[in-house]
Amino acid sequence: MTAGPTATTTSARRTEQLFRVALVVKGIDGAAELLGAVALVLVSGDWLHRVVAQILARDLIGPPDGTLARHLTEGVDRFAGGDRTFVIVYLGLHGVLKLGLVAALLTRWRPAYPPAVVILAVFVVYELVHAWHTHSVVLPFLAALDLAIIVMVIREYRLLGREAADSGAGRDR
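Since we're looking at a predicted model, the values are computed, not measured.

Novice: How should I be thinking about the nonpolar core in this particular structure?
Specialist: Of all hydrophobic cores here, the largest spans 18 residues; its most connected members are Phe19, Leu105, Tyr113, Ile149 and Val153. For this core, the elements supplying multiple residues, two or more each, are helix H1 (5-42), helix H3 (67-106), helix H4 (113-134) and helix H5 (139-172). Contact partners of Leu105, with chain neighbours within four places excluded, come to Phe19, Leu23, Ala112, Tyr113, Ala116 and Val153. The next biggest cluster of nonpolar side chains, apart from the first, holds 15 residues, and it includes Ala37, Leu48, Leu56 and Tyr90.

Novice: Could you clarify how one ought to interpret the confidence of the model for the protein chain in this entry?
Specialist: One rule of thumb: low pLDDT means the predicted coordinates there are not for detailed reading. When pLDDT is averaged across the protein chain, the result is 82; 87% of the residues are at 70 or more. Looking across the protein chain, the model is least confident in helix H2 (residues 45-57), with a mean pLDDT of 78, and most confident in H4, with 91.

Novice: I would appreciate a short explanation of H2 in the present structure.
Specialist: Residues separated by three or four positions in an α-helix point in the same direction, a consequence of the helix having 3.6 residues per turn. In this model, H2 (13 residues) spans 18 Å end to end at C-alpha, consistent with the 18 Å of a helix rising 1.5 Å per residue. What H2 keeps buried is the set Gly45, Leu48, Val52 and Leu56. For H2, the arc enclosing every buried residue in end-on projection is 70°, short of the 170-degree limit, so these residues lie on one face. Structural note: H2 exposes Asp46, Arg50 and Ala57 on the side pointing more than 90 degrees away from its buried face.

Novice: What is the right way to read the packing of aromatic side chains from this model?
Specialist: Each pair of aromatic rings is reported with the distance of its centres and the angle of its planes. Counted under the stated rule, the structure contains 4 aromatic pairs. With a centroid separation of 6.3 Å and 85° between ring planes, the pair formed by Tyr90 and Phe123 is classed as edge-to-face. In this pair, Tyr90 sits in helix H3 while Phe123 sits in helix H4, placing the two residues 33 residues apart along the sequence. Here the two residues Tyr90 and Phe123 agree in accessibility, since each one is buried. Here Tyr90 and Tyr126 contribute two aromatic rings whose centre-to-centre distance is 6.5 Å and whose plane-to-plane angle is 25°, an arrangement assigned as stacked. Pair noted here: Tyr90 is in helix H3 and Tyr126 is in helix H4, with a separation of 36 residues, a long-range link. A relative accessible area of 8% places Tyr90 in the buried class. On the basis of relative accessible area, Tyr126 is assigned to the partly exposed category, the value being 38%. Members of the aromatic cluster, joined through ring pairs, are Phe19, Tyr113 and Tyr157.

Novice: Which parts of the structure should I look at to understand H4?
Specialist: The first and last C-alpha atoms of H4 sit 31 Å apart over 22 residues, in line with the 32 Å expected at 1.5 Å per residue. A positive backbone phi angle near 60° is found at His135, which sits one or two residues after H4.

Novice: When you look at the pattern of salt bridges in this model, what are you seeing that I'm missing?
Specialist: Any two side chains of opposite charge can pair, given that their charged atoms come close. Under the counting rule described, the total for this entry stands at 5 salt bridges. Across the pair Lys98 and Asp29 runs a salt bridge whose closest N-O atoms are separated by 2.1 Å. Here the residue Lys98 occupies a position in helix H3, and Asp29 occupies one in helix H1, the gap between them amounting to 69 residues. A relative accessible area of 3% means that Lys98 is categorised as buried. Where Arg108 meets Glu156, a salt bridge forms, and the shortest distance between an N and an O atom there is 3.6 Å. Of this pair, Arg108 sits in the loop between H3 and H4 while Glu156 sits in helix H5; the two residues are 48 residues apart in sequence, bridging distant segments of the chain. A relative accessible area of 25% means that Arg108 is categorised as partly exposed. Within the structure, one salt-bridge network assembled from shared partners comprises Asp29, Glu33 and Lys98.

What counts and how
- Residues numbered from 1 in each chain as written.
- Predicted model: local features only at pLDDT ≥ 70, side-chain atom pairs only at ≥ 80, totals over all residues.
- Heavy atoms only, no water.
- Core = buried A, V, L, I, M, F, W, Y, C linked by side-chain atoms within 4.5 Å.
- Buried < 20%, exposed > 50% of the residue type's maximum accessible area, 1.4 Å probe, protein only.
- Helix = DSSP H or I, 4+ residues; strand = E, 2+ residues; numbered from the N terminus.
- Contact = heavy atoms within 4.5 Å.
- pLDDT = per-residue confidence, 0-100.
- Expected span 1.5 Å × (residues − 1).
- Arc of directions from axis to C-beta.
- Phe/Tyr/Trp six-rings, centres within 6.5 Å; stacked < 30°, edge-to-face > 60°.
- Salt bridge = Lys/Arg side-chain N within 4 Å of Asp/Glu carboxyl O.

Now the structure itself:
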């Protein structure tokens with residue numbers, strides 16, 4: 001028994017809905033990254049150290065000598081000690097690119113799909129390389145999210161291509 005047109009249409013709708021939800025999440029993530037970059041431009045390393053000290057003093061993330069506390073402290077130390085420019089540029093650029101790609105993909109602008117895949121793939125590679133060098137626990141997670149979005153972008157692009165071919169074939173008849 002083969003799936004009929006209704007099953008295919010339902011599957012395509014589900015895929016598009018999932019794609020749109022992923023894009024909205026990616027857009028929220030992009031906006032948060034951009035706001036984070038702006039916030040980091042405005043705060044000092046000393047202020048971040050004081051905030052981390054307050055968090056650790058109140059055991060808000062577990063014991064002060066625990067893994068999460070150690071990662072947070074090391075991250076703030078690296079940020080205050082020189083990774084600040086990287087973090088600000090990374091968050092700002094990533095946020096702006098995400099917001100632009102999300103806007104283009106939500107409007108289903110087909111020319112944006114191939115560059116979206118390339119840009120996201122570059123981010124994945126960069127995130128993984130930087131994670132390797134810094135031992136970041138966050139960057140591999142972000143890379144995995146970007147990979148999932150790449151898969152959905154490719155799938156949606158193919159669906160749009162089929163829709164364009166079907167509508168073109170319908171006009172020729």
